[in-house]
Amino acid sequence: MSMEYLFSLRDKKYLVTGGTRGIGRAVTLRFAEAGAAVVANYAHNEEAALELLRLAEPMEGTVDVCRADLTTPKGLACLAEHFQGVSLSGLVHCAATGVHLPISKLRARQFDWVYSLNIRAFFELIQIVIPLLSAGSSIVVLSSSGAVRAVQDYALIGSSKGALESFSRHLAAELAPEKIRVNILCPGSVKTESWDAVPDRESRLEKTITRTPLGRLVTVEEVAAAAHFLCSDASSGFIGHRLVLDGGAGIVE
Ligand SMILES: NC(=O)c1ccc[n+]([C@@H]2O[C@H](COP(=O)([O-])OP(=O)(O)OC[C@H]3O[C@@H](n4cnc5c(N)ncnc54)[C@H](OP(=O)(O)O)[C@@H]3O)[C@@H](O)[C@H]2O)c1
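In what follows, the accompanying structure is described. These numbers were taken from a predicted model, which means no experiment stands behind them.

**Focus: the site of the ligand**
1) Next: Taken together, the neighbourhood of the ligand is formed by 29 residues, with Gly 18, Gly 22, Asn 45, Ala 96 and Ser 194 sitting nearest.
2) Next: Going through the elements one at a time, α2 (22-33) and β2 (37-42) are the ones with two or more residues in the shell around the ligand.
3) Next: Here the shell around the ligand is composed, by residue class, of 12 nonpolar, 14 polar and 3 charged.

So, in structure tokens, the structure goes:
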């Protein structure tokens with residue numbers, strides 16, 4: 001197989017949840033650049049969706065957007081309608097939310113809020129998406145280091161990502177006979193708007209940079225390139241894998 005063919009996403013169609021901002025936006029643009037037709041899902045921010053459509057205009061592939069809050073029956077129904085009769089080559093699941101507080105300050109409503117998107121929505125989403133996936137498809141699920149390590153004020157997000165990872169490994173085993181691959185992509189800290197909600201954001205990012213062998217944060221483009229790899233035929237042997245992309249932060253004390 002030629003190198004170009006190995007990474008080509010031409011004639012393929014993908015759904016990217018949370019695909020209009022941050023990492024999801026970079027994935028959408030990267031996939032469109034590789035020739036794919038991409039549907040970027042989002043919940044509220046129309047401006048970001050319009051900006052994405054402008055950015056995608058010159059690309060080889062196409063970008064469409066689908067506003068659907070994945071935590072609501074209405075949003076899920078809207079998404080299902082959007083994809084009626086459509087065949088998909090894959091899904092990149094980026095949509096997530098979080099509350100950054102110590103456990104003693106967290107309340108049950110915050111637990112429900114975070115878990116409703118970070119794990120329950122994925123469960124609901126794949127019930128819609130699996131019937132649309134053709135053989136050779138790939139699902140990539142975005143997780144984070146908090147799924148396996150204790151990160152300051154990150155108990156809710158980290159534990160929901162832990163559940164998401166376990167669920168994804170079960171899904172990977174179940175879908176492998178259908179020739180559908182599921183993998184987990186786990187970036188280190190990436191500067192996106194999601195960091196706006198983190199108290200002492202600047203000092204924490206500085207600390208991460210200091211202890212990261214790469215000497216900087218990984219970028220949204222680097223995460224998108226890894227998602228591209230996991231959706232391309234170049235990664236055909238990867239199933240249920242947890243790909244860490246953190247500039248080496250995880251290998252040092
Ligand atoms: N940034 C990091 O440092 C980092 C590190 C490790 C892992 N990750 C993971 O990478 C993924 C992307 O993170 P990010 O920092 O790029 O996030 P982000 O910039 O906050 O973008 C979040 C995206 O999710 C969408 N979204 C939010 N709630 C939704 C809902 N209920 N239904 C559908 N879409 C919804 C948003 O749409 P609207 O614009 O409409 O709100 C937006 O497009 C997440 O899974 C995150 O956990 C991030």
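**Quick notes on unusual backbone geometry**
1) Next: In the Ramachandran plot, Lys 179 falls in the positive-phi region, its phi being about 65 degrees despite a non-glycine side chain.
2) Next: Inspection of the secondary structure puts Lys 179 in the loop between α6 (155-175) and β6 (181-187).
3) Next: Its 12 C-beta neighbours within 10 Å are what place Lys 179 among the exposed residues.
4) Next: Unusually for a residue other than glycine, Asp 200 sits at a positive phi of about 50 degrees.
5) Next: Note that Asp 200 resides in the loop between β6 and α7 (201-211).
6) Next: The class of Asp 200 is exposed, set by 12 C-beta atoms lying within 10 Å.

**Some points on the sheet that holds β6**
1) Next: Taken together, 7 strands build an open sheet; the order of strands is β3-β2-β1-β4-β5-β6-β7 and the sheet is parallel. What marks the edges here is a single partner per strand, and that holds for β3 (62-67) and β7 (242-245). Taking the axes of each pair of neighbouring strands and ignoring which way they run, one obtains an average angle of 20 degrees across the sheet.
2) Next: Here strand β5 (residues 133-142) runs beside β6; their pairing, made up of 5 bridges, is parallel. Along β6, the bridge assignment pairs Ser 138 with Arg 181.

About the criteria used
- Residues numbered from 1 in each chain as written.
- Predicted model: local features only at pLDDT ≥ 70, side-chain atom pairs only at ≥ 80, totals over all residues.
- Near = placed C-beta within 6 Å.
- Helix = DSSP H or I, 4+ residues; strand = E, 2+ residues; numbered from the N terminus.
- Nonpolar A, V, L, I, M, F, W, Y, C, P; charged D, E, K, R; others polar.
- Buried ≥ 20, exposed ≤ 12 C-beta atoms within 10 Å, placed from the backbone.
- Pairing = 2+ DSSP bridges.
- Axes fitted to C-alpha atoms, helices over the stretch in contact; angles between N-to-C directions.

What is shown is where atoms sit, not what they do.
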